[in-house]
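# Summary of the model geometry
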Amino acid sequence: MTKTDNSSQENDSQSAGMTKRTFLQSVGMIGGTAAVMTAMQGWDIGFASEMDRPPELSTDGKGKKVIILGAGLAGMVLAFEMGKKGYKTKIIEAMHYAGGRCVSARKGSIIEEIGSEKQVCDFKDGNYVNYGPWRIPAEHKSTIYYCRTLGVPLEVMVNKSGKAYYYYENKEGPFKGQKIRQGEADTDFKGYTTELLAKVADQGALDQIISQEDKEKLLEHLNRSGLIDRKGLNYRANRARGHKLYPGAATNSGELSDPYKMTDIFSIGQASRNETADHPAVMFQAVGGMDQIAIGLRKALRKNTIRYNSEVTDIIQDDSGVKVTYKSTKTGKVRTEEADYVISTAPLGVMANINTNLSDEFKKALKLTSSIPACKIGVEMNSRFWENDEMIYGGVTSTDIKGQRLMSYPSGNLFGSAHGDTGVILGYYPIGSASVAVSNMSIQERIEFAVSSGEKIHPGKYKNHFTGEAMSVAWHKMKFALAGWESWSKRGRSRGFPVMHKGENRIFISGNITSPALNGWMAGAIEGAWATMKVIDQRVAKQV
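Below is a short write-up of the structure.

Thresholds, definitions, all that
Residues numbered from 1 in each chain as written. Predicted model: local features only at pLDDT ≥ 70, side-chain atom pairs only at ≥ 80, totals over all residues. Heavy atoms only, no water. Helix = DSSP H or I, 4+ residues; strand = E, 2+ residues; numbered from the N terminus. Expected span 1.5 Å × (residues − 1). Buried < 20%, exposed > 50% of the residue type's maximum accessible area, 1.4 Å probe, protein only. Core = buried A, V, L, I, M, F, W, Y, C linked by side-chain atoms within 4.5 Å. Contact = heavy atoms within 4.5 Å. 1 Å grid on protein atoms, 1.4 Å probe; cavity = no way out; pocket = protein on both sides within 12 Å on 5 of 7 lines; lining within 4 Å. Points joined across faces, edges and corners; volume = space filled by probe spheres on them. Nonpolar A, V, L, I, M, F, W, Y, C, P; charged D, E, K, R; others polar. Axes fitted to C-alpha atoms, helices over the stretch in contact; angles between N-to-C directions. Parallel < 35°, antiparallel > 145°, perpendicular 65-115°, else oblique. Left-handed = near helix turned anticlockwise from the far one by under 90°. Pairing = 2+ DSSP bridges. Phe/Tyr/Trp six-rings, centres within 6.5 Å; stacked < 30°, edge-to-face > 60°. Lys NZ or Arg CZ within 6 Å of the ring centre and 35° of its normal. Disulfide = S-S within 2.5 Å.

A rise of 1.5 Å per residue sets the reference length of helix H16 (residues 522-543), with its 22 residues, at 32 Å; its end C-alpha atoms lie 32 Å apart and thus fit the reference within 8%. Burial analysis of H16 places 16 of its 22 residues in the buried class, the great majority of the element.

Below, the structure written as structure tokens:
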């Protein structure tokens, strides 16, 4: 957080016994993030954001061979960047494709979980679902760097749409079993908290907390919000909330919609939640599917850099080098390759199944993480009814339906302009323990659950327009993933991460797990690869 010229005001506040920081914390407890943001904007306080390109390596690889486990984003970034410095890189990949969890399902795609039936996608040409990563925030400059470098076109991904819904069926109250527009609920919450804050300030309750000058600035800013009237400071129908009857030509002036009651709107927990900096309303996605980023990286590598369908069984190092043994997942044929270094980007749950001669301390460090289960399903529709009938263009409907959590509407092919009036909705996305029950369903049961849940939000439409085609994944049941992503425990960050990050002799761990603050994001995999490159560069520099 940065400050403009507010030093004298800060001193005034401190002399009254409370700083702006503690005042804002108090506002947040009462009015939530929206109220805090309103107050901060009134004081000209804002936010700012980093790694926008790979690090420059100080030493030349001089033909040193590096074996990389996994052709996900991290593995391919390592091969791409280290290859530029003279390292001989080889990627060993257990799957038949490059990209790891950066994948999209489209016609012909295959998903096969452990112990489950094989799914073959039969979506209409042009339709797809990102069942791995599905959005890129502007602050993830590392991801955008490779899209630009590799010529992968991006388009706007609408992450937050005011026309999408909140739906609660497990919470008592006036909205139980009803869908309400997010924009209406969000505006009402902000309006009522603006009213309360304005009245508290106007009645002198903040006189011992902020200076007179700050109070006047705050009141003026709240009045300019357009949510409250200047005389009574009351929240009322307004254009931010929208219209019940939209204005038109001649004498049609329209009619503003009436706010919900304050006590009712305070029961909608989501209405108080501002999206985080990496979940803004407008994000980005690769045109045609997120797997285009992985495809771009794969094409940028030297031919035959990746050996597919190869499952690593052993990694054994000594003072002179490291040996990697792997077997073909198709023929069972066993091979061994030697290298100067090995970098594993495999999920740690997969790494645990590989025989290594790593130290007990290092192995212990790798166990100080948590595997996060995650499920997704793409449900194809033969008509974009959410756009045509309900004005929902992208965005996410949030629910408390156990096992669903959210539905995301596609931001590509808006208005059916690219390949007809069809599309694929992300039908559910539970994470953590909530995803386990869903993952234990058969594929057909998952489809039925997704469709019945969607029907509650879009009655008479969701089932009617479902083409019968869907693709689902439970990442924790994919053999070479075993999790949606992995994260460090608090203890693990302080004790295990430093041990893992520096590697052990000739073996290094990289990828998403080496970016504790970005776990689950493509930027985490990319910047984790960059971080490992720097560690190896420093190691090689000492040996020169």
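More follows now that the structure is in view.
Leu 73, Met 76, Met 82, Ile 91, Tyr 146 and Ile 293 are the most contacted members of the largest nonpolar core, which totals 41 residues. Of all elements in the fold, only strand E1 (65-69), helix H3 (73-84), helix H4 (141-150), helix H8 (291-300), strand E17 (341-344) and H16 reach the threshold of two or more residues within this core. The element best represented in this core is H16, accounting for nine residues. Residues in contact with Met 76, not counting those within four places in the same chain, are Ala 71, Ile 91, Ala 98, Gly 99, Ala 294, Leu 297, Arg 298, Leu 301 and Ile 306.

On to empty space enclosed by the protein. In this structure, the largest cavity occupies an estimated 40 Å³ of space. Forming the walls of the largest cavity are Tyr 168, Lys 171, Glu 172, Gly 173, Pro 174, Phe 175, Lys 176, Ser 267 and Ile 268. Class assignment of the residues belonging to the lining of the largest cavity gives a composition of four nonpolar, two polar and three charged.

Moving on: the packing of H4 against H8. For the pair H4 and H8, the least separation of the axes is 10 Å and the interaxial angle reads 55°. As far as their axial angle goes, H8 and H4 are oblique. Every pair of crossing elements has a handedness; the one defined by H4 and H8 is left-handed. Taken together, the residues of H8 that come into contact with H4 (itself represented by Thr 143, Tyr 146, Cys 147 and Leu 150) are Ile 293, Gly 296, Leu 297 and Ala 300.

Let us now look at the sheet that holds strand E18 (residues 355-356). The strand order across the open sheet formed by four strands is E16-E15-E14-E18, and the pairing between neighbours is mixed. This sheet does not close on itself; its edge strands, each paired only once, are strand E16 (334-339) and E18. Here eight bridges tie strand E14 (residues 310-318) to strand E15 (residues 321-328), and the two strands are oriented antiparallel to one another. Counterpart to Ile 315 in the pairing with E15 is Val 324.

Counted under the stated rule, the structure contains 17 aromatic pairs. Note on Trp 134 and Tyr 429: the rings are 6.1 Å apart at their centroids and 85° apart in plane angle, and the pair reads as edge-to-face. Highlighted residues: Trp 134 in the loop between strand E6 (129-130) and H4 and Tyr 429 in the loop between strand E23 (423-428) and helix H12 (434-439), separated in sequence by 295 residues. Judged by relative accessible area, which is 9%, Trp 134 ranks as buried. An aromatic cluster of at least three residues, connected via ring pairs, comprises Phe 80, Tyr 145, Tyr 146 and Trp 530. Directly above the ring of Tyr 429 sits Lys 376, whose terminal nitrogen or CZ lies 4.5 Å from the centroid.

Turning to the state of the cysteines, a few remarks are in order. A complete count under the given rule lists zero disulfides for this structure. Not engaged in a disulfide, the cysteine Cys 102 finds its nearest cysteine sulfur in Cys 147; these two sulfurs lie 8.9 Å apart. Cys 121 carries a free sulfur, and the closest cysteine sulfur to it, the one in Cys 102, is 16 Å from it.

Pairing in this open sheet of five strands is parallel, and the strands run E13-E2-E1-E17-E26 from one edge to the other. What marks the edges here is a single partner per strand, and that holds for strand E13 (306-307) and strand E26 (507-509). The sheet contact formed by E17 and E26 spans three bridges and is parallel. Considered in E26, the bridge of Ser 344 is made with Ile 509.

Along its 15 residues, helix H13 (residues 443-457) runs 22 Å from first to last C-alpha, staying within 8% of the 21 Å computed at 1.5 Å per residue. Considered for burial, the residues of H13 that qualify are Ile 443, Arg 446, Ile 447, Phe 449, Ala 450, Val 451, Ser 453, Gly 454, Glu 455 and Ile 457.

We now examine unusual backbone geometry. The phi torsion at Arg 405 lies on the positive side, around 75°, for a residue other than glycine. Considering the arrangement of structural elements, one finds Arg 405 in the loop between strand E21 (396-399) and strand E22 (406-408). Despite not being glycine, Leu 482 has its phi angle at roughly 65°, a positive value. Along the chain, Leu 482 turns up in the loop between strand E24 (466-474) and strand E25 (485-488). Residue classification places Leu 482 among the partly exposed positions, given a relative accessible area of 25%.

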